[in-house]
Amino acid sequence: MKKTIYCCVIGFCSIYAHAQVGIGISTPNAALDVNGKTTLRKELRVGGTSSQVGNAGLNGQVLVSQGPNLPPIWKSINVSFMEEGQYKLINSYLSLDQKGITSLSNGVAGDNVYTNSVGDNITDTGKGKWVKIEGLENSFKIKNARNRVTYQFQTGVEMKAPVATTSQNISFTCGVFRGGKLVAIRPDKISSNNNSDKGGIQEYIFTLNYTEQNVPLGNQKLEVACRKITTSDVNSQFAIGRNISNTNTASNAFTLESDLKIDIIEYITYKGN
């Protein structure tokens with residue numbers, strides 16, 4: 001019994017003399033050196049003193065290092081943690097274009113194709129004479145088969161009737177193509193509405209929002225294209241994604257530019273080791 005007590009006393013003296021405690025290690029390199037798994041049954045407090053307990057932080061805060069010789073501190077960060085079984089935004093892509101489409105203007109009749117279907121090929125003239133907005137072409141990669149991909153396309157449209165006091169109109173449509181195949185489309189119409197104040201010029205904002213589910217795995221290429229369906233006067237000027245002419249003061253390429261935003265949302269799963 002005396003021998004046991006003696007050993008314990010020697011052990012405590014050794015800890016006190018060196019001011020270092022090693023758990024699972026015979027030569028500790030810090031005041032407390034743990035070699036193995038650690039379980040905390042209650043809060044973790046930092047920044048305490050000999051007369052005051054440390055700070056346990058607030059709900060949702062994380063412990064952040066301040067570098068050598070400085071104590072860690074609790075910080076609130078604006079990052080959402082990804083939990084298994086949820087859909088989370090993985091990537092966003094934004095494309096801008098100010099060249100637009102001017103090849104569908106005066107002298108060009110509509111293609112008279114009124115309907116389209118998902119999967120129509122962008123090069124099939126029997127499905128419409130599509131013209132691409134080249135600057136909006138983008139590529140992305142799908143890594144999870146369970147996904148949602150949202151396309152948000154907006155552009156300015158401008159027309160000018162041959163005679164300012166005569167109302168004219170143009171029917172057109174724009175679509176989103178993935179891998180050269182149509183995935184989203186919206187038809188629309190712009191009218192000059194006897195706009196004599198601006199010399200027959202009329203502007204309009206076109207938008208197309210669509211969410212595609214479970215896009216196939218791998219690399220994907222996205223394109224935006226538009227076409228003229230009909231026109232009440234083939235001599236009406238027409239432009240998509242830019243102004244008709246830089247000589248007018250009603251608009252410019254910046255105010256009518258085309259924007260495409262792609263949001264990739266994937267289902268979160270974790271693989272075990």
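Now for a look at the structure at hand. None of the values given here were measured: they were computed from a predicted structure. (Residues numbered from 1 in each chain as written. Predicted model: local features only at pLDDT ≥ 70, side-chain atom pairs only at ≥ 80, totals over all residues. Heavy atoms only, no water.)

## A few points about the overall build of the protein chain
- Helices and strands together make up the secondary structure of the protein chain, namely one helix and 14 strands.
- Burial status across the protein chain gives 34% buried among its 273 residues.
- Look at the contacts in the protein chain between residues 6 or more apart in sequence, and 74% of them connect residues 24 or more apart.
- Just so you have it, the protein chain exposes about 17,100 Å², and 51% of that area is on carbon and sulfur atoms. (Helix = DSSP H or I, 4+ residues; strand = E, 2+ residues; numbered from the N terminus. Buried < 20%, exposed > 50% of the residue type's maximum accessible area, 1.4 Å probe, protein only. Contact = heavy atoms within 4.5 Å. Areas by Shrake-Rupley, 256 points an atom, 1.4 Å probe, with all protein chains shown as cover.)

## Focus: the state of the cysteines
- For the structure on display, the rule yields one disulfide.
- Here Cys-174 is linked by a disulfide to Cys-226, with a sulfur-sulfur distance of 2.1 Å. Taking the sign of the S-S torsion, 105° for the link of Cys-174 and Cys-226, the bridge is right-handed. Residue Cys-174 is found in strand 9 (residues 169–178), and its partner Cys-226 is found in strand 12 (residues 218–231); the two are separated by 52 residues along the sequence.
- Cys-226 gets classed as buried once you look at its relative accessible area, which sits at 0%. (Disulfide = S-S within 2.5 Å.)

## Here we look at the side chain of Ser-258
- On the secondary structure map, Ser-258 appears in strand 14 (residues 258–267).
- In terms of polar contacts, Ser-258 uses its side chain to reach the side chain of Thr-155, at 2.7 Å.
- The residues contacting Ser-258, other than those within four sequence positions of it, are Ser-95, Leu-96, Asp-97, Ile-133, Leu-136, Phe-153, Gln-154, Thr-155 and Gly-241. (Polar contact = N/O pair within 3.5 Å; in protein donor to acceptor, adjacent residues only side chain to side chain.)

## Digging into the packing of aromatic side chains
- Applying the stated rule across the entire model yields six aromatic pairs.
- Each ring, one from Phe-172 and one from Phe-238, has its centre 5.8 Å from the other, and the planes form 50°; the classification is tilted. Of the two residues, Phe-172 is situated in strand 9 and Phe-238 in strand 13 (residues 237–240); the sequence distance between them amounts to 66 residues. Residue Phe-172 shares its accessibility class with Phe-238, and that shared class is buried.
- A network of ring pairs unites the aromatic residues Phe-153, Phe-172, Phe-206 and Phe-238 as a single cluster. (Phe/Tyr/Trp six-rings, centres within 6.5 Å; stacked < 30°, edge-to-face > 60°.)

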